[in-house]
Amino acid sequence: MDADAGSESPPAERGDPGLTPEEDARARAEFAALHGPALRASGVPERYWGRLLHKLEHEVFDAGEMFGIMQVQEVEEESEGEEAREARKKQPNPGGELCYKVIVTSENGLQAADPNSIFLIDHAWTCRVERARQQLQQVPGLLHRMANLMGIEFHGELPSTEAEDLVLEEMWRFNQTYQLAHGTAEEKVPVWYIMDEFGSRIQHSDTPSFATAPFFYMPQQVAYTLLWPLRDLDTGEEVTRDFAYGEADPLIRKCMLLPWVPADLLDFSSSTPEPPDEHYQAILEENKEKLPLAISPVAYPCDHVFKVYTDIQQVLSHLTHPRFTFTQSEADADILYNFSHFKDYRKLSQERPSVLLNQFPCENLLTVKDCLASVARRARGPEGPAWLPRTFNLRTELPQFVSYFQQRERRGQDNHWICKPWNLARSLDTHITRSLHSIIRHRESTPKVVSKYIESPVLFLREDVGPVKFDVRYVVLLRSVKPLRLFVYDVFWLRFSNRPFALDDLDDYEKHFTVMNYDPEVVLKQVHYDEFIPEFEKQYPEFPWRSVQAEIFQAFTELFQVACAKPPPLGLCDYPSSRAVYAIDLMLKWDNRPDGKRMMQPQILEVNFNPDCERACRYHPSFFNDVFSTLYLDEPSHCHVTRLV
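Residues numbered from 1 in each chain as written. Predicted model: local features only at pLDDT ≥ 70, side-chain atom pairs only at ≥ 80, totals over all residues. Heavy atoms only, no water.

As recorded by an unreviewed UniProt entry, the protein chain carries the name Tubulin--tyrosine ligase-like protein 12 isoform X1 and is attributed to Ursus maritimus.

Quick look at the structure:
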């Protein structure tokens, strides 16, 4: 990225005139220590850092001295075909025939070697996606400014729902993103921003003249975009950037540029076979997980009292079985029941093979969403099993997804999708959309999967609200991989939406999501399983819960069979000292059997490691006694569990 600027010696870097040389040097050193890693990661050449510090401290926005925005009237060629005319309508500045370009207006052009050739671009709008509509409604002038910036022609009064919808669709051609590295899970959710009118007018080029990068200036807690040249430019030359910067693969670039450059991928196969073995090996290395050595199963005397070391308060409060006692010494423990993931199973297998655990090596194949989808394909081939929504990994399967989306669009099929991070819980950074552009752009934030949104869920009639979505959580207990021994807890838990379901208002959280227990201001509807079953059977008399549950258990069985069928890192590791508790969240959707009869098809949504068992403990105080008896004493017969395998 560090462009060669010719043979002339570069101008002397101008420090801050208000400081002594010593103070200036100290300020620069502090700036480099604080921001150097981020600047290097973004490829900002060090020759610009001194002037950048000055511009940040004094809020110098001097791009107007070097650049101008030019309006270009797009002339419709007579020979131009319909496709080309449609393509032009979808240029980066939609709405009318006007196109904007940013050009160098400085008489002397612009030299890449000049330390002053770095510029701050302000951000016109910064938001997290789930708050976008609310901000458009509440921030004075924002909707009007965004509509103007995006070239959206609107009629009638603002704000209007129609104008909001247009801006929320169009913003994916203008959005950029960054993520805070520190803070709570909520604070780490990606932030999306739109550059001001100057930054948003910079067009795409495969051979860009400039680079841009988001930059968070810590002393003022303000985010800007930095703009700097990749080569010398003459007066009148255009300022461009690469909208797919950093991606070399032509097919992926084609997909990434779809929001601005229409492309047809209908002929590309949407088939997603299971990834090669190297994919799983890379995940193992990325997780820094060391597989255990082979050990023999440990046999404890039948009256042995197990010492349990745990950092999970629910276990400490509710495990009362006489065969278990707690120790505060990890070194003395027979059972390590930890909240966080073990990494070094090798060391544990060498030094303490008799210590029992509450997790399996390579269990991320179940608990991380992209791995769950790829492992599940072992059950029914590249399209995946009927019990898992069709899912694509946006990092590795983007062209396949685009092709599948366009095929469904051409056939007139429902195209609602849900975009989820690989590894976040509680519906954080999870978005429902019909917009292909939105999904493609979400790929630029955190690693995500996109799954077919269940457009025909089985609903539950809430007397206080109407027919709502619901999901079901089962707790499964994995005793061993070889042989596969799997149990399910006899009680299940339910979560409900708070508003009647319909395929609209996709950003209405309480209509489309069921996780309500993390927001104190939101109503949390509680229905116990033993109240739910008779009410469900009253609403759906043709579908006794016993037969619905049999289908659910069959799905669980198939999932664990395929997840344990291959050796690690392609499958869960057969480590004799491992046991585990997982929560499986699922919904039911309407489908048709081969004979045309309607059926309720279970849809597994996710598998959670070390789930929150607060409700289980509150309503079923023997929960952890049952879990520990089943997993560590091999005494499931008097527990509230059913053996699946």
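Topic: the pattern of salt bridges
The following threshold applies: Any carboxyl oxygen of Asp or Glu that lies within 4 Å of a side-chain nitrogen of Lys or Arg is treated as forming a salt bridge with it. A run of H or I in DSSP counts as a helix once it spans at least four residues, and a run of E counts as a strand once it spans at least two, with each numbered from the N terminus. When accessible area is computed with a 1.4 Å probe and restricted to protein chains, residues below 20% of their type maximum are described as buried, those above 50% as exposed, and intermediate ones as partly exposed.
Per the stated rule, a full pass over the model turns up 34 salt bridges. Where Glu 197 meets Arg 145, a salt bridge forms, and the shortest distance between an N and an O atom there is 2.8 Å. Placement of Glu 197 in helix α7 (residues 197-200) and of Arg 145 in helix α5 (residues 142-149) is noted, with a sequence separation of 52 residues between them. Classification of Glu 197 by relative accessible area gives partly exposed; the value is 27%. Here Arg 145 falls in the partly exposed class, since its relative accessible area comes to 34%. Between Lys 538 and Glu 535 there is a salt bridge, with the nearest N and O atoms lying 3.6 Å from each other. Placement of both Lys 538 and Glu 535 in helix α17 (residues 529-539) is noted, with a separation of three residues, approximately one turn of the helix. Judged by relative accessible area, which is 24%, Glu 535 ranks as partly exposed. Salt bridges sharing common partners tie together Arg 133, Glu 164, Asp 165 and Asp 507.

Considerations on the packing of aromatic side chains
We apply this condition: Two rings from Phe, Tyr or Trp (for Trp, the six-membered ring) form a pair when their centres sit within 6.5 Å of each other. Planes less than 30 degrees apart are called stacked, planes more than 60 degrees apart edge-to-face, and all others tilted. Geometrically, a lysine NZ or arginine CZ counts as sitting over a ring once it is within 6 Å of the ring centre and also within 35 degrees of the ring normal.
Inspection of every chain in the model, using the stated rule, returns 47 aromatic pairs. With 6.3 Å between their ring centres and 35° between their planes, Phe 470 and Phe 496 make a pair best called tilted. With Phe 470 in strand β21 (residues 470-480) and Phe 496 in strand β23 (residues 493-496), this pair connects stretches of sequence that are 26 residues apart. Each member of the pair Phe 470 and Phe 496 is classed as buried. The aromatic ring of Trp 590 is capped on one face by Arg 598, whose charged end is 3.6 Å from the ring centroid.

Comments concerning the side chain of Arg 441
The line we're drawing: Working rule for contacts: check all heavy atoms of both residues, and any pair within 4.5 Å makes them a contact.
Note that Arg 441 resides in helix α15 (residues 436-442). Contacts of Arg 441, omitting those with residues within four sequence positions, involve Trp 172, Arg 173, Phe 174, Asn 175, Gln 176, Trp 192, Pro 259 and Trp 260.

As for the nonpolar core
So the rule is basically this: Throughout this description, the term nonpolar core refers to a set of buried Ala, Val, Leu, Ile, Met, Phe, Trp, Tyr and Cys residues connected via side-chain atoms within 4.5 Å.
Judged by nonpolar contacts, the single largest core of 67 residues is most densely connected at Phe 470, Tyr 474, Phe 532, Phe 536, Phe 556, Leu 572 and Leu 588. Ranked by residues supplied to this core, first place goes to helix α18 (residues 545-563) with ten residues. If sequence neighbours within four positions are ignored, Tyr 474 has contacts with Val 488, Tyr 489, Phe 492, Trp 545, Gln 549, Ile 552, Phe 553, Phe 556, Tyr 582, Ala 583, Ile 584 and Leu 586. Counting 28 residues, the second-largest nonpolar core is a separate cluster that includes Ile 312, Val 315, Leu 356 and Val 581.

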